Amino acid sequence: MTTAAPGNRVLWEGALTQIEGEVSAPNFRTWFKETFIVRVDDGTVFVGVPNPFVKDWLRTKFHRVILKSLRDLSETVRSVEYIITKAERARAAMGARVEARPSQPQPAAAFPARELPLAEHYVSREDNLNPRYTFESFVVGRFNDLACAAAQAVVRQPGIAYNPLFIYGNTGYGKTHLMQAIGNAVRATHREKKVYYLTSEKFASDFFQALQSNRMAQFKDRYRRYDVLIMDDIQFFSGKEKTEEELFHLFNALYDTNRQIVFSSDRHPNYLPNIEDRLRSRFGQGMIVDIQKPDVESRLNILKVKLAAAKVEADNGALLHVAETIDGNIREIEGVVNSIVCQTALRGQPLSSVEIRELVKASARPRKAVSAEEIIKAVSSFYSIEPAEIADKTRRKEVVLPRQLTMYILRNDYGISYPTIGDKVGGRDHTTVIHSCDKIKNDLKRDPHLQQQLNQIRAML
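Since this is a predicted model, take the numbers as computed values, not measurements.

Turning to the overall build of the protein chain, a few remarks are in order. Helix and strand content of the protein chain: 20 helices and 8 strands. Among the 461 residues that make up the protein chain, the fraction classed as buried is 48%. Sequence separation of at least 24 residues holds for 74% of the intrachain contacts in the protein chain that already meet a minimum separation of 6. A total of about 22,600 Å² of accessible surface is found on the protein chain, and carbon and sulfur atoms cover 50% of it.

Structure representation (structure tokens):
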């Protein structure tokens, strides 16, 4: 049976959303821009591609991620084939096939009537901004409200308010969305300003290509012409002295002329390893904000907002189960949303609470197993001490805090018993462990700097 066109659009949009999180932005733009589902026959998805080159590349390089993304959204998918066809001809053919088979059930009416333009996924080559990433689609909660407020202040007064803006947080917590929202909002409200978003890898690649081709003057001119420069994942510069030096000079050129700079990283700039102090100090000249792990209430709100945007209803109790089960990053939550949306569309009716729970069971990523030794190593590395010092009997101040944090993480994050924790940190009595955990718990309530340190250590595990 051939699936109707609206269902194909729903299925492919969901698959593209998942694929976008698995491949690099340049690869996504290059190889997936003119693709779409032509038809689905007996479990085989036929993907339309514009030319033989794209067909071969998808089949050899991205077939596994394409098939997995489709199977995650529909258990009826068994295989994927790639066919060369023009978009207009394929869409007309799909319509003709549906009309030619009036005796078969027509599920089209069961799908949402809204259009699902795949152009929403495509990034502008001029500024690298994805139009889907806006403040309107950014869900605000206690975990990111300060970062969002700072970002909106930057939009109101680019180059003046919070320059530079430095956003840090673990992978998948929404940094890229917020940074791109800044770019899209500046473009909409300050049309005369030139905005550019890029990753640190892209900057480094452009820099070394310019060095090798003796085109450094053109490289400098290019990056100095922007009014708003947004650079993602600057932890990539760690240990790359030449690239750091070029970024330092670029920063000065933009900052001295009141042009806005926005950076992101997976950790606070003070804890970026092997970054020059002069560059680290530049990161701290403006505003530093973090995006923390979303709590259950925020995760539930994200689910509700995204499902409402897709015009899909779901049982509130089932959504609460999703929010409590998926405690990882927002991308995992969006993956569950995509599955619910696609399954609802393909089945032509809302999913039951049981069906949603089954989807979560299939989508939930098992928690990474971390040993006590790995936690001790991460904490000691963060505080620049030797792992053996955590277990020593010394009460030196620079060792006591790392030791207590180690105990707290083992107990609070991994549920290890107090006696076992005592054994792991030098054979200490369980009452000592209880005291240490209680002290860290109380200190976290009144010391935001300590909370930041804990978040960074957790990001290293």
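There is more to say, and it comes next.
Time to look at the nonpolar core. If you look at the biggest cluster of nonpolar residues, it comprises 79 residues, and the most contacted ones within it are Ile66, Leu70, Leu165 and Ile182. Not counting residues within four places of it along the chain, the set of residues in contact with Ile66 comprises Trp12, Ile19, Phe32, Leu58, Val80 and Tyr82. The next biggest cluster of nonpolar side chains, apart from the first, holds 27 residues, and it includes Ala204, Met216, Tyr226 and Ile275.

Taken in spatial order, the 3 strands of this open sheet run 1-2-3, and their pairing is mixed. Each edge of the open sheet is held by one strand with a lone partner, namely strand 1 (36-41) and strand 3 (79-84). Between one strand axis and the next, the sheet turns through 25° on average, direction left out of account. Here strand 1 pairs with strand 2 (residues 44-49) via 5 bridges, running antiparallel. Following the sheet pairing, Arg39 is matched in strand 2 by Phe46. Strands in contact with helix 3 (residues 52-73) are strand 1, strand 2 and strand 3; relative to strand 3, the strand with the most contacts, it is inclined by about 155°.

Attention shifts here to the sheet that holds strand 6 (residues 228-232). One open sheet holds the 5 strands; their spatial order is 5-6-7-4-8, and the pairing between them is parallel. Each edge of the open sheet carries a strand with a single partner, namely strand 5 (195-199) and strand 8 (287-290). When strand polarity is set aside, the average angle formed by the axes of neighbouring strands in this sheet is 15°. Packed onto the sheet, helix 5 (residues 145-156) meets strand 4 (165-168), strand 7 (260-265) and strand 8 and runs at close to 140° relative to strand 8. Sheet strands in contact with helix 9 (residues 241-255) are strand 6 and strand 7, and its direction is about 140° off that of strand 7.

Time to look at unusual backbone geometry. Residue Pro164 is reached from Asn163 by a cis peptide bond, and omega for that bond is 0°. Position of Pro164 relative to the elements: it lies in the loop between helix 5 and strand 4. At Asn258, a position not held by glycine, the phi torsion is positive, near 60°. Within the fold, Asn258 resides in the loop between helix 9 and strand 7.

Looking at the secondary structure, you find Ser69 in helix 3. For Ser69, a relative accessible area of 3% translates into the label buried. Every residue in contact with Ser69, bar those within four places of it in the chain, is listed here: Ala15, Gln18 and Ile19.

Our next topic: helix 9. Taking 1.5 Å of rise per residue, the 15 residues of helix 9 would be expected to cover 21 Å, and the 21 Å separating its terminal C-alpha atoms lies within 8% of that figure. Inspection of helix 9 places Thr243, Glu244, Glu246, Leu247, Phe248, Leu250, Phe251, Asn252 and Leu254 among the buried residues, and these make up the whole buried set. Those residues of helix 9 that are buried are in contact with helix 7 (200-212), helix 8 (216-223), strand 6, strand 7 and helix 10 (277-283).

Here we take up the confidence of the model for the protein chain. Summing up the model confidence of the protein chain, the mean pLDDT is 82 and the portion of residues at 70 or higher is 87%. Low pLDDT, under 50, characterises residues 88-121; the stretch is placed with 50 contacts to residues that sit more than four places away or in other chains.

Here the focus is the packing of aromatic side chains. Considering all chains together, one arrives at 18 aromatic pairs under this definition. Their ring planes at 15° and their centres at 4.9 Å tell us that Trp31 and Trp57 sit as a pair that is stacked. Of this pair, Trp31 sits in helix 2 (residues 25-32) while Trp57 sits in helix 3; the two residues are 26 residues apart in sequence, bridging distant segments of the chain. Owing to a relative accessible area of 9%, Trp31 belongs among the buried residues under this scheme. Trp57 sits in the partly exposed class, given a relative accessible area of 29%. Both rings, one in Phe251 and one in Phe263, keep their centres 6.2 Å apart while their planes meet at 10°; by these two values the pair is stacked.

Calculation rules
Residues numbered from 1 in each chain as written. Predicted model: local features only at pLDDT ≥ 70, side-chain atom pairs only at ≥ 80, totals over all residues. Heavy atoms only, no water. Helix = DSSP H or I, 4+ residues; strand = E, 2+ residues; numbered from the N terminus. Buried < 20%, exposed > 50% of the residue type's maximum accessible area, 1.4 Å probe, protein only. Contact = heavy atoms within 4.5 Å. Areas by Shrake-Rupley, 256 points an atom, 1.4 Å probe, with all protein chains shown as cover. Core = buried A, V, L, I, M, F, W, Y, C linked by side-chain atoms within 4.5 Å. Pairing = 2+ DSSP bridges. Axes fitted to C-alpha atoms, helices over the stretch in contact; angles between N-to-C directions. Expected span 1.5 Å × (residues − 1). pLDDT = per-residue confidence, 0-100. Phe/Tyr/Trp six-rings, centres within 6.5 Å; stacked < 30°, edge-to-face > 60°.

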